[in-house]
Amino acid sequence: MPHDDTAEQSVLGGMMLSKDAIADVVEVLSGQDFYKPAHESIYEAIITLYGHGEPADAVTVADELNKRGELNRVGGAPYLHSLISSVPTAANAGFYAEIVAEQAVLRRLVEAGTKIAQLGYTADGEVESLVNQAQSEIYGVADGRKNEDYVRLGDALDATIDEIEANGARAGGIHGVPTGFIEFDELTAGLQAGQMIVIAARPAMGKALALDTEIPTPTGWTTMGRLSVGDQVLGADGRPTTVTAATEVMENRPCYRLVFDDGSEIIADAEHQWLTRAHTSVRAEQTVLAGGVQRHSPETEVRTTEQIRSTLRCPSTGTALNHSITTTAPLQLPETKLPVEPYTFGANLGGGVLDQERIPACYLRASEQQRRDLLAGLLDAGGTVTRAGAVQCVLTNRALALDVQELVHSLGYRTGLRTQRSESGSLVFKLTFSSPDTVFSLPRKQEMHRARACRSDSQRFIVAVEPVESVPVRCIQVDNEDHLYLASRAMVPTHNSTFALDIARSAAIKNNMTTVFFSLEMGRNEIITKIISAEASLNLSDLRKGNLDEDQWTRLATATGKLESAPLFIDDSPNMTLMEIRAKARRLKQRNNLQLIVLDYLQLMSSGKKVESRQQEVSEFSRALKLMAKELEVPLIALSQLNRGSEQRTDKKPMVSDLRESGSIEQDADMVVLLHRDDVYDKESPRAGEADVIVAKHRNGPTKTIAVAFQGHYSRFANMTHDSYSGDGF
């Protein structure tokens, strides 16, 4: 095994020659770092004497070893004198100690490698668990830590008293990671190393669609009410995306019907989010240039149903529609084997050769090229080009017309579908859409379309937001970066889902403590935008639009300067497993002295393996997170969701029993913090703009409800009026 006898002997000889050498060595070595047991015993005897303030030379060390019955085992007094005579100079004891420490690390590396090899050969347990054990072995080597054995109470008292004295000397008694919330820090003395703190609230306070909203999937259709975690839906980029979380059904929420200019409708609650283009700013920013007017492209922004309703039309005209939503990209699905070539099937369908009332689902979820071939055949046989350049197809069967409309939507085009009576009196269904793409295959029709083609309209305008009777709603979370998924037969892109972020800001930006924010919900740009909004006191909406005046740009520049040097790390990798989070946290601990972990949020974590139930999986996560906090010796904040229990109570206030999916979260947590806002449920509440931080469980102290200010426009919580507080938000 790797070791250096000469370096070990020089360290011990130097320690017996100089007190200063002892001080240098104890910062680098512990007794277990020595290869020879005799050297470890001599080192422990020297440290004992040094700790009692007694001299540590060959005579006193020999006496201490004799009292322990170890003198003869180490080679007797002559060996101690030989150690002193062999040392080149006591002044270099610290350097000799580093050599001994390096050899100790190499020995631990060999031991860890042997253990890892044994894990691989025995294969005793699940692969993920074995990999985690292997990572722990390597982390133990790199971190220089040894497994601690049991200790007698008396031996541990000194360290505890030292910690109490150090805590008392700190300003305000805050000896953990400060959160920036004054009353909270007074209650907890900051977040303590090894603690698991759960912060929970109702999921997103809304953001939901009606249960009967139709949702397109890679294989067909489902409804919002039938979706489960793990199901696949379609993103706005046309690609399949996985449902990573789904709320319970929510009732008694304000609901609205959104009506689009192509006739499609969706029912959503007031807080549901949409990625829209607001055209008000475009008209306001028109710049007159020589030779004409330059029009600026409108900025897209996530807006709630309620926000869209209040700004439905442009204020400048009072009539022009303000909000539009971009159509989906063509669905990106794999090529499939079809019973009849798609062009042939479409031509026969459009020409009336087939007596068929529906397009089979396998055609509607085929690859993009197969669907384009199907549409080309159908239009070659039964399509025309209007004088305005739009593509038109007239069908006599409503079900077939709806299938053709779905086909056109799946290629990224918006449509119009009108019902009329023919000259014979029968109903016909006229489908119209615009596209500069080549949608015909016949040269004659291609040329006609090319000559008349108008530009494709890739925007759906919202023409009405009408209050409707409240219906049961729910929302889902998807794993793509833009958080968008398609809803309704029109395939309209819609959006899915700050207290913990405020704590992360306080630790990293205001107290320069290394913090990592693992986000399984928000993208990094969204997180950073919220941090800038809170730090610079800039309206979040203004930041998203980029509409800032000179003073706001100055504040933005000042805040950016502060943020650039802040030790705040953000990881928004989708589908992170617990093993990945643990590995990344260990690396940050080793390299950057990590002092706080924030995980957003617990119910979005994935184990990547099959489990008996979701409750069991979340329980395993909870226990593992607590163990990770202890292993890394940092506080860990895990965001969690609450179930609907609070909404059944008169005061709507949450309780610990409302923690969703697992009671073990409460057991494992050292602290459970519940967030509540009255004005979410009562818009006329006298406490509008306030939030309750309910410390419902506190293993090391009392519980309490703390009132804080909620400044949604700055995306932050802040202290209420306090004598020792300047008033800025955290």
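Computed from a predicted model, the values in this text were never measured in an experiment.

Some thoughts on the side chain of Arg 371
Then comes step 1: Within the secondary structure, Arg 371 is located in helix α15 (residues 368-382).
Then comes step 2: Within the buried core, Arg 371 has no salt-bridge partner, and the shortest N-O distance to an opposite charge, that of Glu 368, equals 5.7 Å.
Then comes step 3: If sequence neighbours within four positions are ignored, Arg 371 has contacts with Leu 331, Gln 332, Tyr 363, Leu 364, Ala 366, Leu 407, Ser 410 and Leu 411.

Brief notes about the sheet that holds strand β17 (residues 427-433)
Then comes step 1: Here four strands make up an open sheet; going across it, the order is β14-β15-β17-β16 and the pairing antiparallel. Of all strands in the sheet, those with a lone pairing partner are β14 (383-385) and β16 (415-421), marking the two edges. Pairs of neighbouring strands in the sheet enclose a mean axial angle of 25°, with direction left out of account.
Then comes step 2: Of the strand pairs in this sheet, β14 and strand β15 (residues 391-395) are connected by three bridges, and their pairing is antiparallel. Bridge pairing in β15 links Thr 384 to Gln 392.
Then comes step 3: α15 contacts β14, β15 and β17 of the sheet and is inclined by roughly 75° relative to β15.

Comments concerning the packing of aromatic side chains
Then comes step 1: Counted by the stated rule, this structure contains four aromatic pairs.
Then comes step 2: When the ring of Tyr 413 is compared with that of Phe 433, the centres are 5.5 Å apart and the planes differ by 15°; the resulting orientation is stacked. With Tyr 413 in the loop between α16 (398-410) and β16 and Phe 433 in strand β17, this pair connects stretches of sequence that are 20 residues apart. Just as Tyr 413 is buried, Phe 433 falls in that class too.

Quick look at the pattern of salt bridges
Close approach of charged atoms allows side chains of opposite charge to pair.
Then comes step 1: According to the stated counting rule, one finds 24 salt bridges in the structure shown.
Then comes step 2: Put simply, Asp 63 and Lys 67 hold a salt bridge, and the shortest N to O gap is 3.5 Å. Residue Asp 63 and its partner Lys 67 are both found in helix α4 (residues 58-68); the two are separated by four residues, about one turn of the helix.
Then comes step 3: With relative accessibility at 39%, the residue Asp 63 sits in the partly exposed group.

Comments concerning the pairing of strand β21 (residues 484-487)
Then comes step 1: Residues Leu 484 and Leu 486 point to one face of β21 and Tyr 485 and Ala 487 to the other, with burial holding for every one of them.
Then comes step 2: Two elements, β21 and strand β22 (residues 492-495), share four bridges in a ladder whose sense is antiparallel. Bridging across to β22, Tyr 485 finds its partner in Thr 494.
Then comes step 3: Here β21 folds back onto β22 in antiparallel fashion, the turn holding four residues, of which Ser 488 has a positive phi close to 75°.

Description of the nonpolar core
Then comes step 1: In terms of nonpolar packing, the biggest core is built from 43 residues, with Phe 184, Leu 191, Leu 596, Ile 637 and Val 673 touching the most fellow members.
Then comes step 2: Of all the elements, helix α18 (residues 499-510) adds the most residues to this core, at five residues.
Then comes step 3: The contacts of Leu 191, once residues within four sequence positions are left out, are Gly 176, Val 177, Thr 179, Phe 184, Ile 197, Ile 503, Leu 596, Pro 635 and Ile 637.

A closer look at helix α13 (residues 342-350)
Then comes step 1: Residues of α13 that are buried include every one of Pro 342, Phe 345, Gly 346 and Leu 349, and no others. Projected onto a plane normal to the axis of α13, the buried residues spread over an arc of 95° and lie on a single side.
Then comes step 2: Where the residues of α13 are buried, they touch α14 (361-364), α15 and α16.
Then comes step 3: Directly beyond the C-terminal end of α13, a positive phi value near 80° is found at Gly 352.

Details of the confidence of the model for the protein chain
Then comes step 1: The pLDDT averaged across the protein chain works out to 81; a share of 83% of its residues lies at or above 70.
Then comes step 2: Confidence over residues 281-297 falls short of pLDDT 50; this stretch has 19 contacts with residues more than four positions distant or in other chains.
Then comes step 3: Long-range and interchain partners of residues 722-730, a stretch whose pLDDT sits below 50, account for 23 contacts in this model, where long-range means more than four residues apart.

Some details on the environment of Gly 389
Then comes step 1: With respect to the helices and strands, the residue Gly 389 is situated in the loop between β14 and β15.
Then comes step 2: A sequence separation of 64 residues divides Gly 389 from Ala 453, and the C-alpha atoms of the two residues are 4.2 Å apart.

Describing the packing of helix α1 (residues 5-17) against helix α7 (residues 93-122)
Then comes step 1: Their axes nearest at 8 Å, the elements α1 and α7 cross at an angle of 140°. As far as their axial angle goes, α7 and α1 are oblique. You can see that α1 and α7 cross each other, and the crossing is left-handed. Across from Ala 7, Glu 8, Ser 10 and Val 11 in α1, the residues of α7 making contact are Ala 93, Tyr 96, Ala 97, Ile 99 and Val 100.
Then comes step 2: Within the contact of α1 with α7, the residues separate by chemical class into seven nonpolar, one polar and one charged.

Criteria and thresholds
Residues numbered from 1 in each chain as written. Predicted model: local features only at pLDDT ≥ 70, side-chain atom pairs only at ≥ 80, totals over all residues. Heavy atoms only, no water. Helix = DSSP H or I, 4+ residues; strand = E, 2+ residues; numbered from the N terminus. Buried < 20%, exposed > 50% of the residue type's maximum accessible area, 1.4 Å probe, protein only. Lys, Arg positive; Asp, Glu negative; His and termini not counted. Salt bridge = Lys/Arg side-chain N within 4 Å of Asp/Glu carboxyl O. Contact = heavy atoms within 4.5 Å. Pairing = 2+ DSSP bridges. Axes fitted to C-alpha atoms, helices over the stretch in contact; angles between N-to-C directions. Phe/Tyr/Trp six-rings, centres within 6.5 Å; stacked < 30°, edge-to-face > 60°. Core = buried A, V, L, I, M, F, W, Y, C linked by side-chain atoms within 4.5 Å. Arc of directions from axis to C-beta. pLDDT = per-residue confidence, 0-100. Parallel < 35°, antiparallel > 145°, perpendicular 65-115°, else oblique. Left-handed = near helix turned anticlockwise from the far one by under 90°. Nonpolar A, V, L, I, M, F, W, Y, C, P; charged D, E, K, R; others polar.

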